[in-house]
Amino acid sequence: MKGKSRAKWPVEIYSKMYYTSQVKPDNSLDSPAQNICGLRRHIEKKFKDEPQEIQDEVMRVHSEQSSSKNDTSVFKDEDQAHLELDAEARQR
């Protein structure tokens, strides 16, 4: 039995879409003292520092999740956006 899931926060969407290309390369996160709260703050800072077009894309996905009645299609769209944006980041 699968319950209805909530829409993800924009920073969660950003993390899913850009973690490997934008956040992970920052090796300061490899510190053993780093905890989940520190990681989340770092991801939030990276999101705020991103160009407006990336923030707009994340907010578009968030808006689709928030307004969609069919959660499955939103997750498929988000996964597709993640794949497209990750491929775009690799081309840079």
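See the structure above.
The structure contained in this document is the topic of the report that follows. This structure is a prediction, so every number in the text was calculated from the model and none was measured.

**Here we look at helix 3 (residues 52-67)**
Structural remark: α-helix, 3.6 residues per turn; residues separated by three or four positions point the same way. With 16 residues, helix 3 should cover 22 Å at 1.5 Å per step; its first-to-last C-alpha distance of 22 Å lies within 8% of that length. Here helix 3 has its buried residues at Ile54, Gln55, Val58, Val61, His62 and Gln65. With its buried residues spanning 125 degrees around the axis, helix 3 presents them on a single face. Structural note: helix 3 exposes Glu53 and Ser67 on the side pointing more than 90 degrees away from its buried face.

**A closer look at the pattern of salt bridges**
The tally for this structure, following the rule as stated, stands at four salt bridges. Among the salt bridges present, the one from Lys45 reaches Asp49, with a minimum N-O distance of 2.9 Å. Taken together, the residues span about one helical turn, with Lys45 and Asp49 both in helix 2 (residues 36-49) at a distance of four residues. Across the pair, exposure class does not vary: Lys45 and Asp49 are exposed alike. Counted as one network, the salt bridges with shared partners bring together Glu57, Arg60 and Glu64.

**Notes on the nonpolar core**
In terms of nonpolar packing, the biggest core is built from eleven residues, these being Val11, Ile13, Tyr14, Met17, Tyr18, Val23, Ile43, Phe47, Ile54, Val58 and Val61. Among the elements of the structure, helix 1 (10-23), helix 2 and helix 3 are those that each provide at least two residues to this core. Element by element, the count of residues in this core is highest for helix 1, at six residues. If near-sequence neighbours (up to four positions away) are discounted, Val58 is found in contact with Pro10, Ile13, Tyr14, Met17, Tyr18 and Phe47.

So, how was this worked out
- Residues numbered from 1 in each chain as written.
- Predicted model: local features only at pLDDT ≥ 70, side-chain atom pairs only at ≥ 80, totals over all residues.
- Heavy atoms only, no water.
- Helix = DSSP H or I, 4+ residues; strand = E, 2+ residues; numbered from the N terminus.
- Expected span 1.5 Å × (residues − 1).
- Buried < 20%, exposed > 50% of the residue type's maximum accessible area, 1.4 Å probe, protein only.
- Arc of directions from axis to C-beta.
- Salt bridge = Lys/Arg side-chain N within 4 Å of Asp/Glu carboxyl O.
- Core = buried A, V, L, I, M, F, W, Y, C linked by side-chain atoms within 4.5 Å.
- Contact = heavy atoms within 4.5 Å.

On their own, these measurements won't tell you what the molecule is for.
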